[in-house]
Amino acid sequence: SEKGLIFEMSLTGIHGGATAPEDTTSLYNTLFPNQLGQNRIGYNFGFYAVKKLNKKLSYQFELNYSRPGIYNQFEKLNANNDYLSTSQLLRYTPLPKFSLLAGFEASYLLNQENWGALKILTYDLSPVLGLSYGLPIDGFSLTGKVSQGLFGVTNVSLLGNDRSYYHRSISFGIYYEP
């Protein structure tokens, strides 16, 4: 069984969900931009454990502290969310040192700051897809992952209309097995 540490940098954002065709008026698009704030760099750190299921398939568990958020260009400040996240991933290794990852990440909100009147949902569930490459340096591997939240992390209501916004993340990290 493989165990180790994770450090990832992520480009995170909060993006609008699909809109109904009748909501595509210019007033709706003015009230509800496709994205809240600007994407910004976040980070994750934690640990992982891998259990081999057979020669090419493994189960990977991760427990991370993560800090995604956005940059609010109007107020010139970072709006942060602190999460405790657990990922349940299947790892398929078709070639030595190269793996494909797929699964889900469940996140629980520990803290939020600089969001003003917006309420942030205390939990989220995200499908995750990724790639992993074992480096020639013993114990180190590089990983890239993408995830998209399934639950509206916040909802904006204006003039009797509303729109949900969802987490989206692209991360790159180093995994180390001591």
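Rules of the game
- Sequence positions are assigned chain by chain, starting from 1 and proceeding in written order.
- Where local features are concerned, this predicted model is filtered to residues with pLDDT of at least 70; where side-chain atom pairs are given and counted, the filter is 80 or more; whole-chain, interface and lining totals use all residues.
- Side-chain measures were taken over the full set of non-hydrogen atoms in the model, leaving aside hydrogen atoms and water.
- Secondary structure elements follow DSSP: runs of H or I no shorter than four residues count as helices, runs of E no shorter than two count as strands, and numbering proceeds from the N terminus.
- Categorising residues by exposure relies on relative accessible area from a 1.4 Å probe, with only protein chains included: less than 20% of the type maximum marks a residue as buried, more than 50% marks it as exposed, and the intermediate range marks it as partly exposed.
- In what follows, residue pairs with any heavy atoms lying within 4.5 Å of each other are defined as contacts.
- Computed by Shrake-Rupley with a 1.4 Å probe, the accessible areas treat only the displayed protein chains as cover when residues are assessed.
- Stacked, tilted and edge-to-face are the three classes assigned to paired rings of Phe, Tyr and Trp, where Trp is represented by its six-membered ring and a pair needs centres within 6.5 Å; plane angles under 30 degrees give stacked, over 60 edge-to-face, the rest tilted.
- Whether two strands pair comes down to DSSP finding at least two bridges between them.
- Take a side-chain nitrogen of Lys or Arg and a carboxyl oxygen of Asp or Glu: if they are within 4 Å of each other, that pair is a salt bridge.
- What we call a nonpolar core is a set of buried Ala, Val, Leu, Ile, Met, Phe, Trp, Tyr and Cys residues that are connected through their side-chain atoms within 4.5 Å.
- Two distance rules govern patches: like charges are joined within 9 Å, and nonpolar side chains (Val, Leu, Ile, Met, Phe, Trp, Tyr) within 5 Å, applied only to residues with over 30% relative accessible area and no salt bridge.

Peer 1: Describe the overall build of the chain, listing the residues and the values that go with them.
Peer 2: Check the secondary structure of the chain and you find one helix and 10 strands. Along the chain, helices (α) and strands (β) appear in the sequence β-α-β-β-β-β-β-β-β-β-β when read from the amino end. Looking at the chain residue by residue over its 178 residues, the buried ones come to 39%. Of all intrachain contacts in the chain linking residues separated by at least 6 positions in sequence, the fraction that spans at least 24 positions is 62%. Of the roughly 10,000 Å² of accessible surface on the chain, a fraction of 64% belongs to carbon and sulfur atoms.

Peer 1: Describe the packing of aromatic side chains, listing the residues and the values that go with them.
Peer 2: Enumeration over the complete set of coordinates arrives at seven aromatic pairs. Taken together, a centroid distance of 5.5 Å and an interplanar angle of 75° make the contact between Tyr 123 and Phe 151 edge-to-face. Taken together, the residues Tyr 123 in strand S7 (residues 123-134) and Phe 151 in the loop between strand S8 (140-148) and strand S9 (154-158) connect sequence positions 28 residues apart. Following the ring pairs from residue to residue traces out a cluster consisting of Tyr 43, Phe 45 and Tyr 65.

Peer 1: I'd love a proper account of the pairing of S8, names of residues and values included.
Peer 2: Note on strand geometry: in a regular strand, side chains alternate between the two faces of the sheet. Burial along S8 is one-sided: Ser 141, Thr 143, Lys 145 and Ser 147 are buried, and none of Phe 140, Leu 142, Gly 144, Val 146 and Gln 148, which face the opposite way, are. Here S7 hands over to S8 after five residues, with Gly 139 in that stretch at a positive phi of 90°.

Peer 1: I'd like a rundown of the pattern of salt bridges, residues and numbers included.
Peer 2: Throughout the structure, instances matching the rule amount to five salt bridges. Between Asp 82 and Arg 67 there is a salt bridge whose closest N-O contact spans 2.6 Å. Of this pair, Asp 82 sits in strand S5 (residues 77-95) while Arg 67 sits in strand S3 (residues 57-67); the two residues are 15 residues apart in sequence, bridging distant segments of the chain. In this structure, Asp 82 and Arg 67 share a single accessibility class: buried. For the salt bridge of Arg 67 with Glu 113, the shortest nitrogen-to-oxygen distance reads 3.5 Å. Of this pair, Arg 67 sits in strand S3 while Glu 113 is found in strand S6 (residues 98-113), placing the two residues 46 residues apart along the sequence. On the basis of relative accessible area, Arg 67 is assigned to the buried category, the value being 17%.

Peer 1: Any details on the nonpolar core? Residues and values, ideally.
Peer 2: By size, the foremost hydrophobic cluster in this structure holds nine residues: Ile 14, Ile 70, Ala 79, Tyr 83, Leu 109, Trp 115, Ile 120, Val 153 and Tyr 165. For Ile 120, the residues in contact, after removing those within four places along its chain, are Asn 81, Tyr 83, Leu 109, Gln 112, Trp 115, Val 153 and Thr 154.

Peer 1: Run through the side chain of Ser 87, naming residues and quoting values.
Peer 2: Relative to the assigned elements, Ser 87 resides in strand S5. Overall, Ser 87 belongs to the buried group, its relative accessible area being 2%. Residue contacts for Ser 87: discarding those within four places in its chain leaves Gln 60, Phe 61, Glu 62, Phe 104 and Glu 105.

Peer 1: Any chance you could break down a nonpolar patch on the surface for me, citing the residues and the numbers?
Peer 2: Where nonpolar side chains cluster on the molecular surface, the patch consists of Phe 7, Met 9, Leu 11, Ile 41, Tyr 43, Phe 45, Leu 129, Val 146, Ile 170 and Phe 172 and spans about 930 Å² of accessible area. When contributions to the nonpolar patch are tallied by element, the ones reaching two or more residues are strand S1 (2-16), strand S2 (35-52) and strand S10 (161-176). Within the secondary structure layout, Met 9 lies in strand S1.

Peer 1: Give a detailed account of the environment of Lys 51, specifying residues and quantitative values.
Peer 2: The residue Lys 51 is located in strand S2 in this model. Taking the relative accessible area as the measure of exposure, Lys 51 reaches 52% and is therefore exposed. Sequence-wise, Lys 51 and Arg 91 are 40 residues apart; in three dimensions their C-alpha atoms are separated by 9.7 Å.

Shape is all these values report; function is a separate question.
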